[in-house]
Amino acid sequence: MLKMNPRIITLTLGLPLAGLLAACGGPNLTDSTGSPSAAVSRNAAAGILGVNVVLVNNSGTSINFGLSDLPSGATTSVAGNRDSADVYVTANFSDGTSLDLVVENQALGTPMVKQAGCHQSIRLKEGTSVDRYFPPDHGITVERLADDDRKQFRLTFTSTRAQGVVELC
């Protein structure tokens, strides 16, 4: 027959019981009430970094990104934060072409760029890039830059597509 030392039993059962009481708050010895905490977004709570997208216009004409035109040769950026880890970009070209892009940093997997409404996405590791085109004949280079406090991308728009590239969507 196995004989247990009473000290071991107390130690073995006492530690989990103390932890359970601490986790449940134990008895309320004071009459104070806690103040409510500020709401934290799901993305911030999960530690998901926001996204920064640098937009480069090398198309030869202005591209309208909603609020203003971006002249050819110019650069601007759009950033999302932890509350909104995604960035939505609409590029309106002078020939009437419009392109809606989504740059996402989801909880699992590699951040991605995709055309809105398209099931295909571009997933890149830091320091890599890929060329694509969208009809009628516009080119786009998607680059994943080194991350800092955000996931960093650069989207470069051109007036023509590079030889042999596939369509964005």
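So, how was this worked out
Residues numbered from 1 in each chain as written. Predicted model: local features only at pLDDT ≥ 70, side-chain atom pairs only at ≥ 80, totals over all residues. Heavy atoms only, no water. Helix = DSSP H or I, 4+ residues; strand = E, 2+ residues; numbered from the N terminus. Buried < 20%, exposed > 50% of the residue type's maximum accessible area, 1.4 Å probe, protein only. Contact = heavy atoms within 4.5 Å. Areas by Shrake-Rupley, 256 points an atom, 1.4 Å probe, with all protein chains shown as cover. Disulfide = S-S within 2.5 Å. Pairing = 2+ DSSP bridges. Axes fitted to C-alpha atoms, helices over the stretch in contact; angles between N-to-C directions. Core = buried A, V, L, I, M, F, W, Y, C linked by side-chain atoms within 4.5 Å.

Trainee: Sorry, what's going on with the overall build of the protein chain here?
Mentor: A tally of helices and strands in the protein chain yields two helices and eleven strands. Secondary structure of the protein chain in N-to-C order comes out as α-α-β-β-β-β-β-β-β-β-β-β-β. By residue count, 32% of the 169 residues in the protein chain fall in the buried class. Expressed as a percentage of contacts within the protein chain between residues at least 6 apart in sequence, the contacts between residues at least 24 apart total 47%. Accessible area for the protein chain stands at about 10700 Å²; split by element, carbon and sulfur atoms hold 54% of it.

Trainee: I keep staring at the state of the cysteines and nothing clicks. Help me out?
Mentor: When the sulfur atoms of two cysteines share a covalent bond, that bond is a disulfide. If you walk through the whole model with that rule in mind, you get one disulfide. Two residues share a disulfide in this structure: Cys118 and Cys169, whose sulfurs sit 2.2 Å from each other. Taking the sign of the torsion about the S-S bond as the criterion, the disulfide between Cys118 and Cys169, at about 110 degrees, is right-handed. Of the two residues, Cys118 is situated in the loop between strand E7 (112–115) and strand E8 (122–123) and Cys169 in the segment after strand E11 (150–158); the sequence distance between them amounts to 51 residues. On the basis of relative accessibility, which here comes to 5%, the residue Cys118 falls in the buried class.

Trainee: So what exactly am I meant to see when it comes to the sheet that holds strand E9 (residues 129–134) here?
Mentor: Hydrogen bonding along the main chain pairs the strands of a sheet, whether they run parallel or antiparallel. In space, the five strands of this open sheet follow the order E4-E1-E11-E10-E9, with mixed pairing throughout. Here the strands that pair on one side only, and so sit at the sheet edges, are strand E4 (75–79) and E9. Direction aside, neighbouring strands of the sheet carry axes that sit 20 degrees apart on average. Where strand E1 (residues 50–58) meets E4, five bridges bridge the pair, whose relative direction is antiparallel. Paired with Leu55 across the two strands is Thr76, which belongs to E4.

Trainee: Quick question: what am I supposed to make of the nonpolar core here?
Mentor: Burial of nonpolar side chains together is a common tendency in soluble globular proteins. Ranked by size, the top nonpolar core spans 25 residues in total, and within it Phe65, Leu101, Val142, Leu155 and Phe157 carry the most contacts. Those elements giving two or more residues to this core turn out to be E1, strand E5 (87–93), strand E6 (98–104), E9, strand E10 (138–144) and E11. The leading source of residues in this core is E5, at four residues.

Trainee: Sorry if this is basic, but what is going on with the pairing of E1 here?
Mentor: The buried fraction of E1 amounts to eight of the nine residues, a majority that puts the element mostly inside the structure. Alignment of E1 against E11, held across nine bridges, turns out to be parallel. Within E11, the position partnered with Asn52 by the bridge is Gln152.

Trainee: What should I look at first to understand the environment of Phe134 in this one?
Mentor: Here Phe134 shows up in strand E9. Measuring from C-alpha to C-alpha, the distance between Phe134 and Gln115 comes to 9.5 Å, with 19 residues separating the pair along the chain. Not counting the four nearest positions on each side in its chain, Phe134 is found in contact with Phe93, Thr97, Leu99, Gly139, Ile140 and Phe157.

Trainee: Can you help me understand the pairing of E6 in this one?
Mentor: Along a regular strand, successive side chains alternate from one face of the sheet to the other. For E6, the tally of buried residues reaches five of seven residues, placing the bulk of the element in the interior. Note: E6 against E7, four bridges, orientation antiparallel. Bridging from a neighbouring strand, Val103 pairs with Val113 of E7.

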